[in-house]
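Now for the letters of each chain:
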Number of protein chains: 2
Amino acid sequence: MCGGIGSRFWPYSRTDNPKQFIDFLGTGRSLLQMSYDRVLSIVPRENVIVLTNGRYAERIREQLPELAPDQILLEPARRNTAPAIAWAAWHIAERDPEASLMVAPSDHLITRERQFEEAILAGFDFVEHGDRLLTLGITPTRPETGYGYIQVGPAVEGDIHKVKTFTEKPNLELAETFVRTGEFFWNSGIFLWRASSIIEALRRHAPDVSRVFESGEGSYGTPEAEAAFIEANFPSCMGISIDYAVMERADNVFVETVSFGWNDLGTWGSLYDISPKNRDGNVTQGCHVLAYNSRGNIFAVRDRERLIVTDSLHDYIIADSGDVLLICPRAEEQRIRQMVNDAKAGFGDRYI
Amino acid sequence: MCGGIGSRFWPYSRTDNPKQFIDFLGTGRSLLQMSYDRVLSIVPRENVIVLTNGRYAERIREQLPELAPDQILLEPARRNTAPAIAWAAWHIAERDPEASLMVAPSDHLITRERQFEEAILAGFDFVEHGDRLLTLGITPTRPETGYGYIQVGPAVEGDIHKVKTFTEKPNLELAETFVRTGEFFWNSGIFLWRASSIIEALRRHAPDVSRVFESGEGSYGTPEAEAAFIEANFPSCMGISIDYAVMERADNVFVETVSFGWNDLGTWGSLYDISPKNRDGNVTQGCHVLAYNSRGNIFAVRDRERLIVTDSLHDYIIADSGDVLLICPRAEEQRIRQMVNDAKAGFGDRYI
């Protein structure tokens with residue numbers, strides 16, 4: 001899944017070049033490319049499907065030139081995760097009705113790839129032996145208030161548990177309780193299931209969505225017909241997340257608890273936390289920095305030739321990309337969404 | 001005089017595009033162009049001479065295309081004001097041995113042009129009637145510690161006084177005393193004298209400088225010969241200011257006290273002080289700004305298409321130009337020179 005716009009990382013992440021296409025960690029590979037590399041140890045190259053928005057077709061082809069055209073599903077409109085996952089399920093089921101799927105965001109960081117691989121293989125084994133919907137729950141390492149949590153019931157097999165509840169983002173007190181009990185895991189947005197299982201679950205719990213994709217049967221697998229069908233019908237789907245449409249409603253939902261060094265890179269704070277810091281606690285993404293009496297900042301500058309000079313600046317985000325510069329305290333990063341909205345209200349799409 | 005590099009306004013002012021060439025006030029005319037416009041009410045167009053460094057030849061031609069080539073004196077090296085003024089004096093004296101000169105920086109702001117014109121005409125009248133060196137002293141409006149002061153003796157004619165002393169930049173306590181006494185005026189760097197008077201003064205007080213330009217007699221007024229002479233000999237002059245070489249040593253030095261809305265635009269603070277502010281006390285030079293909980297800042301951004309977004313930032317200079325961004329408290333602006341030096345030490349001329 002590669003269609004997000006990463007607005008919490010604005011202006012470093014922009015609508016025309018969002019977070020997943022950026023070499024965020026300076027490794028020479030974008031987050032999308034790192035995600036692709038990671039799954040190749042599990043999935044044959046020709047079975048990787050990228051779900052994205054039509055406007056990113058060119059970016060995908062640049063970054064993953066080895067993908068064949070029918071491995072890139074271009075959504076003609078943004079409709080959240082359920083319609084995108086539904087399309088992928090029908091598309092893949094046409095090729096192989098027995099297929100199992102891993103569905104994963106393309107813009108997360110995973111540091112322990114061996115454990116990731118083992119967890120995914122165990123998960124595939126689980127969903128291939130029954131009509132089960134499996135999500136990955138990350139063992140929490142701190143009382144994070146920015147994530148949803150999954151409460152687990154008793155283990156059914158290895159690290160796999162029945163899901164008891166999905167929760168919204170908790171306040172700090174509740175998050176601390178969650179972590180203390182050991183029953184709550186971060187909702188990673190990584191799912192495993194058979195194509196037939198998610199199709200059946202969509203039919204039962206999200207018939208408005210499933211009806212659209214059922215009506216396309218006959219076109220899947222025939223590139224021109226499929227593209228024409230999607231172009232005409234995908235936009236009519238309601239925008240709804242797979243969590244809300246299916247996971248929180250179905251009763252065959254399980255969670256595999258894992259610890260593989262996961263970070264959703266959802267906020268500047270999460271990027272700051274995982275990044276190497278100099279002795280003043282400053283993090284530099286690209287660019288040259290001369291920092292006088294300046295501590296705890298993150299300098300995220302797309303143009304690596306730029307020189308940033310700061311004096312008396314502590315715990316700020318300095319994000320500079322193209323025609324936008326943002327200077328904002330790290331503690332106020334939740335305001336960035338509002339800033340994006342205000343910029344849009346004032347200047348249209350120009351700076352977004 | 002148009003050869004400075006404006007390093008206190010770095011990075012808005014850069015070596016290849018210093019302060020005097022910038023439309024600093026957003027009026028559509030650079031400071032140089034505004035200075036040129038101002039003197040045209042006093043001096044015939046063909047008598048305006050621009051003294052600058054060779055590297056700025058093209059900029060001058062762009063900004064003042066009406067000047068003939070022999071009105072632009074291109075210094076082959078930076079040698080402070082005395083050698084530049086000496087060259088101009090010899091150059092002009094060749095054309096007209098009786099000429100009077102006004103020597104003025106090209107990067108100051110003067111808001112009351114009528115009073116400026118009247119003061120200059122009175123000053124010319126004074127220096128044309130005797131062998132006198134006249135400087136303009138600005139009536140101080142605040143105890144500024146960033147300027148040199150001139151103490152005046154008794155008036156000799158109208159607003160013209162004998163100079164008692166030149167002083168260095170005072171501390172605040174001393175500056176307050178200076179202003180209170182009414183005897184001290186800001187040293188503006190604007191001078192009036194006959195060509196013959198400054199040549200005689202240089203011969204007497206700065207023979208190392210005058211000897212160089214005397215040796216060029218015969219070449220002045222013959223463009224190729226003059227250029228060749230300057231190219232070969234100007235760099236051998238020592239770098240010394242006209243204040244130190246002549247004004248503080250000669251005994252025929254007078255000061256005309258004036259009040260014509262002068263600002264040397266020497267620092268970010270001086271620019272902030274004179275600029276229109278919005279209700280949060282923010283000053284914007286070019287660019288679009290979204291300021292959240294941000295007061296008392298000056299946003300100086302060369303690229304007027306940029307959007308700057310700040311949160312929780314008070315009393316800062318945010319200066320952005322080309323490949324350099326500076327974020328520095330207004331109260332720390334005196335550190336900018338050191339930053340320029342550090343940038344030079346770290347990266348050579350790249351960012352200067």
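Residues numbered from 1 in each chain as written. Chains lettered and ligands numbered in written order. Predicted model: local features only at pLDDT ≥ 70, side-chain atom pairs only at ≥ 80, totals over all residues. Heavy atoms only, no water.

Q: Kindly report on the interface of chain B and chain A, identifying the contributing residues and their values.
A: Each partner contributes to the interface: chain B provides 35 residues, whereas chain A provides 35 residues. Asp311 of chain B is paired through a salt bridge with Arg335 of chain A; the nearest N and O atoms lie 2.8 Å apart. Where chain B meets chain A, there are 26 residue pairs in polar contact (both at pLDDT 80 or more). Going through the elements one at a time, β12 (288-292), β14 (307-311), β15 (316-321), β16 (324-329) and α11 (336-347) of chain B are the ones with two or more residues in the side of chain B that touches chain A. Its residues placed into classes, the side of chain B that touches chain A shows 19 nonpolar, 7 polar and 9 charged. In this sheet, β14 of chain B lies alongside strand β16 (residues 324-329) of chain A in parallel orientation, the contact comprising 4 bridges. (Contact = heavy atoms within 4.5 Å. Salt bridge = Lys/Arg side-chain N within 4 Å of Asp/Glu carboxyl O. Polar contact = N/O pair within 3.5 Å; in protein donor to acceptor, adjacent residues only side chain to side chain. Helix = DSSP H or I, 4+ residues; strand = E, 2+ residues; numbered from the N terminus. Nonpolar A, V, L, I, M, F, W, Y, C, P; charged D, E, K, R; others polar. Pairing = 2+ DSSP bridges.)

Q: Before we move on, could you go through the sheet that holds β15 of chain B and cite the residues and values that matter?
A: Taking strand neighbours across the sheet as the criterion, the 6 strands line up as β12(A)-β14(A)-β16(B)-β15(B)-β13(B)-β11(B) in an open arrangement whose pairing is mixed. Of all the strands in the sheet, the pair left with one neighbour each is β12 (288-292) of chain A together with β11 (283-285) of chain B. Strand-to-strand twist in this sheet, taken as the mean axis angle between neighbours without regard to direction, amounts to 5°. Of the strands in this sheet, β12 and β14 (307-311) of chain A together with β15 and β16 of chain B touch α11 of chain B, which is tilted by about 145° from β12 of chain A. (Axes fitted to C-alpha atoms, helices over the stretch in contact; angles between N-to-C directions.)

Q: Account for the packing of aromatic side chains, naming residues and giving values.
A: Within the structure shown, the criterion is met by 32 aromatic pairs over all chains. On the numbers, 4.9 Å between centres and 70° between planes, the contact of Tyr147 of chain B with Trp186 of chain B is edge-to-face. In this pair, Tyr147 of chain B is assigned in the loop between β5 (133-138) and β6 (149-157) and Trp186 of chain B in strand β8 (residues 184-194), connecting sequence segments 39 residues apart. Tyr147 of chain B sits in the buried class, given a relative accessible area of 7%. A residue is classified by how much of its surface remains accessible, and Trp186 of chain B, at 2% relative accessible area, is buried. Seen from the ring of Phe126 of chain A, Arg132 of chain A lies directly overhead, with NZ or CZ sitting 4.1 Å from the centre. Across from the ring centre of Tyr272 of chain B, 3.6 Å away, lies the NZ or CZ of Arg330 of chain B, which sits over that ring. (Phe/Tyr/Trp six-rings, centres within 6.5 Å; stacked < 30°, edge-to-face > 60°. Buried < 20%, exposed > 50% of the residue type's maximum accessible area, 1.4 Å probe, protein only. Lys NZ or Arg CZ within 6 Å of the ring centre and 35° of its normal.)

Q: Run through the relation of the copies chain B and chain A, naming residues and quoting values.
A: Aligned on chain A, chain B shows an RMSD of 0.0 Å; the corresponding rotation is 180° and the shift along the axis is 0.0 Å. Taken together, the turn and the small shift mark the pair as related by a two-fold rotation axis. Interface overlap between copies: 100% of the residues of chain B at the interface are likewise at the interface in chain A, consistent with a symmetric, same-surface contact. (Least-squares fit on C-alpha atoms with pLDDT ≥ 70 in both.)

Q: Describe in detail the environment of Arg8 of chain B, supporting the description with residues and values.
A: All names here are of chain B. Relative to the assigned elements, Arg8 resides in the segment before α1 (31-39). C-alpha separation for the pair Arg8 and Ala245, spaced 237 residues apart in sequence, amounts to 24 Å. If we skip the residues at most four places from it in the chain, Arg8 touches Gly266, Thr267, Trp268, Ile336 and Arg337.

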